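Below, each chain spelled out in residue letters.
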Amino acid sequence: MCKVIGHCYTPPHLERRAIGLKVAEVQPTPNPNAIKFVIDRLVWEQPLSFFDAEAARSYPLASKLFTIPGVCGLLFLGDFITVSKQPEAEWASIKRNVRRILAGQG
């Protein structure tokens, strides 16, 4: 059985992943307000999108990422997490905080 969040499906056994992830690479996307964090292992098997913190409240990792000022959207899929930011937010602080949270230090 899968849970539905918007248009994405997540198997129950993947709903709560342990934090302690290493960012292997940070890649730009065609959208200047989104960046892709490639992780050292599988994060989610199926697409899982969050467009606000309320939608992420049952997902500890997504909830923590939404505490970063300027973060306004998340996509988890395979071995990457795409983080979307508000246009006025700066990437330097967001990248630093994403890495900290993924490493389990946030």
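Let us look at the structure shown here. Keep in mind it's a predicted model, so treat the numbers as computed, not measured. (Residues numbered from 1 in each chain as written. Predicted model: local features only at pLDDT ≥ 70, side-chain atom pairs only at ≥ 80, totals over all residues. Heavy atoms only, no water.)

For the rest of this paragraph, the subject is the environment of Val26. Mapped onto the secondary structure, Val26 falls in strand β3 (residues 23-28). Between the alpha carbons of Val26 and Ile39 there is a distance of 8.9 Å; along the sequence they are 13 residues apart. Excluding anything up to four places from it in sequence, Val26 contacts Ile35, Lys36, Phe37, Lys95 and Arg99. (Helix = DSSP H or I, 4+ residues; strand = E, 2+ residues; numbered from the N terminus. Contact = heavy atoms within 4.5 Å.)

Right, let's get into the pattern of salt bridges. Tallied over the full model, the rule gives two salt bridges. A salt bridge links Asp40 to Arg41, with the shortest nitrogen-to-oxygen separation between them at 3.5 Å. On the accessibility criterion, Arg41 (39% relative accessible area) is partly exposed. The closest approach of N and O atoms between Glu54 and Arg57, which form a salt bridge, is 2.5 Å. A relative accessible area of 61% means that Arg57 is categorised as exposed. (Salt bridge = Lys/Arg side-chain N within 4 Å of Asp/Glu carboxyl O. Buried < 20%, exposed > 50% of the residue type's maximum accessible area, 1.4 Å probe, protein only.)

With that settled, consider the nonpolar core. Soluble globular proteins tend to bury their nonpolar side chains together. Counting 27 residues, the largest nonpolar core has Phe50, Leu65, Leu74, Phe76 and Ile81 as its most contacted members. When contributions to this core are tallied by element, the ones reaching two or more residues are β4 (34-39), β5 (44-50), α1 (60-65), β6 (71-78), β7 (80-85) and α2 (91-102). The biggest single contributor to this core is α2, with five residues. If near-sequence neighbours (up to four positions away) are discounted, Phe76 is found in contact with Val43, Trp44, Gln46, Pro47, Leu48, Phe50, Leu61, Ala62, Leu65 and Ile81. (Core = buried A, V, L, I, M, F, W, Y, C linked by side-chain atoms within 4.5 Å.)

In total, this model carries four aromatic pairs according to the counting rule given. Ring centres 6.2 Å apart and planes at 55 degrees place the aromatic pair Trp44 and Tyr59 in the tilted group. You can see Trp44 sitting in strand β5 and its partner Tyr59 sitting in the loop between β5 and α1, a full 15 residues away along the chain. A residue is classified by how much of its surface remains accessible, and Trp44, at 2% relative accessible area, is buried. It is Lys36 that lies over the ring of Phe80; its NZ or CZ is 4.3 Å from the centre. (Phe/Tyr/Trp six-rings, centres within 6.5 Å; stacked < 30°, edge-to-face > 60°. Lys NZ or Arg CZ within 6 Å of the ring centre and 35° of its normal.)

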